[in-house]
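Secondary and tertiary structure notes
What follows is each chain in one-letter form.
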Amino acid sequence: MKKYLLALMIGCWINPAAAGFDVIALGVNGGVEEGNLTSYLVRSDDQKLYLGLDAGSVLPGIRQALEKGNFPEVTEENAAPLTPQGAVFRNLIGGYFISHGHLDHLAGLIISSPEDTKKPIYGTADTIGTLRQHYFNGRVWPNFTDTGSGLRIGTYRLNQQRPDQRFSLGLTGLDGRIFPLSHGGTPSSMILVSRNKASFAFFGDTGPDEVERSKNLDASWRALGEEIKAKRLKGMIIETSYPDGVPDSKLFGHLTPDWLLKELAQLQQYAGGEGSLNGLTVIISHVKPSLKAGADPEKEIMAQLEKGNNLGVKFVRMQQGDRLALE
Ligand SMILES: [Zn+2]
Ligand SMILES: [Zn+2]
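Scoring rules and cut-offs
- Residues numbered from 1 in each chain as written.
- Chains lettered and ligands numbered in written order.
- Predicted model: local features only at pLDDT ≥ 70, side-chain atom pairs only at ≥ 80, totals over all residues.
- Heavy atoms only, no water.
- Helix = DSSP H or I, 4+ residues; strand = E, 2+ residues; numbered from the N terminus.
- Rg over C-alpha atoms; globule rule 2.2 N^0.38 Å.
- Buried < 20%, exposed > 50% of the residue type's maximum accessible area, 1.4 Å probe, protein only.
- Contact = heavy atoms within 4.5 Å.
- Lys, Arg positive; Asp, Glu negative; His and termini not counted.
- Charge placed at Lys NZ, Arg CZ, Asp CG, Glu CD.
- Donors = N, O, S within 2.8 Å, 3.2 Å for Na, K, Ca; no water.
- Tetrahedral: all angles 85-135°; square planar, octahedral: opposite > 155°, others 65-115°.
- 1 Å grid on protein atoms, 1.4 Å probe; cavity = no way out; pocket = protein on both sides within 12 Å on 5 of 7 lines; lining within 4 Å.
- Points joined across faces, edges and corners; volume = space filled by probe spheres on them.
- Nonpolar A, V, L, I, M, F, W, Y, C, P; charged D, E, K, R; others polar.
- Pairing = 2+ DSSP bridges.

Attention now moves to the overall build of the protein. Within the protein one finds 10 helices and 14 strands. Here the protein has a C-alpha radius of gyration of 19 Å; the compact-globule value for 327 residues is 20 Å, and the two agree. The buried share among the 327 residues of the protein stands at 56%. The contacts in the protein between residues at least 6 apart in sequence include a share of 64% that link residues at least 24 apart. If you average the places of the 34 positive and of the 36 negative side-chain charges in the protein, the two averages end up 5 Å apart.

Following this line, the structure appears as structure tokens:
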């Protein structure tokens, strides 16, 4: 607690032994029901500001995390004249990475934009182009960015990044590298964030390479394999949208437990073979809720992943508002 107060006082906390990340889940599902859509926060444990990883639901997730006590550095007193929710939203998120242009990954960012402070948004050329042309275009929503059509309000600096090139994620103190993913005809992407000797991967929606007829996931696994060999990778967030049994033709660019396990076996190859993924944290995101009576896809997915887990991976399902320290 003292550490957080001091961090607020001096604006940033310098901890030379920093070697990990704080992750907070703001939204953990894919599609169907608004209010809990894909969005996470990550920060280096020696920094104050978080990077938003997608922004399907932002303010509802911040409210949940505050209720769970997961932003201990923000109180009603030090947030004033803002609410604690407003203080986290405006002052603790230093920018956003958006993995692709689908609504369930950016609806929260758009709806909350009138109340946001100036910050950068990072993504591939495709994602940034979609934001500019189809969302912040002065028709479906005012243009809160610094480029594009209509009156430019300038809240967001759109930052388009080339794949596989390292760049700075501004005031979060993190570096990033973006890798392309194939998502049923829509370009998607993964970001590998790093600081000091630690890294963390966030995957946007993706199908398996075999179904997508792609080599994109393979390229991501090669890069993460190197991170694991160098003992840098602290974990990853990746989707599992559907339980097993959904036919490949009905995946629409998503993963099932069976496909994720197959893909992770590929990562294991690049990471040094059997045992190399032992204890690696894999956070499961983007579960699609079901409207069928009695169905519980989340429970099914986690059980199926555990059942097939001969990799020693630590599968984690974070709920909205949960916090996880990765060291
Ligand atoms: Zn999605
Ligand atoms: Zn998508």
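So, on to the coordination of the zinc ion (ligand 1). Within the protein, Asp104 (OD), His105 (NE2), Asp205 (OD) and His286 (NE2) serve as the donor atoms for the zinc ion (ligand 1), at 2.1 to 2.3 Å. Classification of the site at the zinc ion (ligand 1) rests on its four donor atoms, whose angles at the metal span 87 to 169 degrees, yielding the label irregular. Separating the zinc ion (ligand 1) from the zinc ion (ligand 2) is a distance of 3.3 Å, and Asp205 supplies a donor atom to each of them. Remark: Asp205 occurs in the loop between β10 (198–203) and α7 (209–212) and His105 occurs in the loop between β4 (93–97) and α5 (107–112); sequence separation between them is 100 residues. Like His105, the residue Asp205 is buried in the burial classification.

Here the focus is empty space enclosed by the protein. All chains considered together, the criterion is met by one cavity of 30 Å³ or more. Computed from the structure, the largest cavity encloses a volume of approximately 50 Å³. Along the walls of the largest cavity sit Arg166, Asp175, Gly176, Arg177, Leu192, Ser194, Glu227 and Arg232, which together make up its complete lining. Contributing elements (two or more residues each) for the lining of the largest cavity: β8 (175–183) and β9 (186–195). A total of three residues in the lining of the largest cavity trace back to one element, the largest contributor, which is β8. Looking at side-chain class alone, the lining of the largest cavity contains one nonpolar, two polar and five charged residues.

With respect to the secondary-structure elements, Asn36 resides in the loop between β1 (21–27) and β2 (39–44). Judged by relative accessible area, Asn36 falls into the buried class, the value being 18%. Every residue in contact with Asn36, bar those within four places of it in the chain, is listed here: Leu26, Gly27, Val28, Asn29, Ser57 and Gln320.

For the zinc ion (ligand 2), every protein donor is listed as His100 (NE2), His102 (ND1), His183 (NE2) and Asp205 (OD), and the spread of their distances is 2.2 to 2.4 Å. Metal-centred angles of 91 to 167 degrees between the four donor atoms at the zinc ion (ligand 2) mark the site as irregular. Here the donor residues for the zinc ion (ligand 2) map to a single chain with the spacing H-x1-H-x80-H-x21-D. Look at His100 and you get buried, because its relative accessible area is 0%.

Across the sheet, seven strands lie side by side as β7-β8-β9-β10-β11-β12-β13; this open sheet has mixed pairing. Among the strands making up the open sheet, the edge pair consists of β7 (167–168) and β13 (314–316). Where β7 meets β8, two bridges bridge the pair, whose relative direction is antiparallel. If you follow Phe167 over to β8, its bridge partner there is Gly176.

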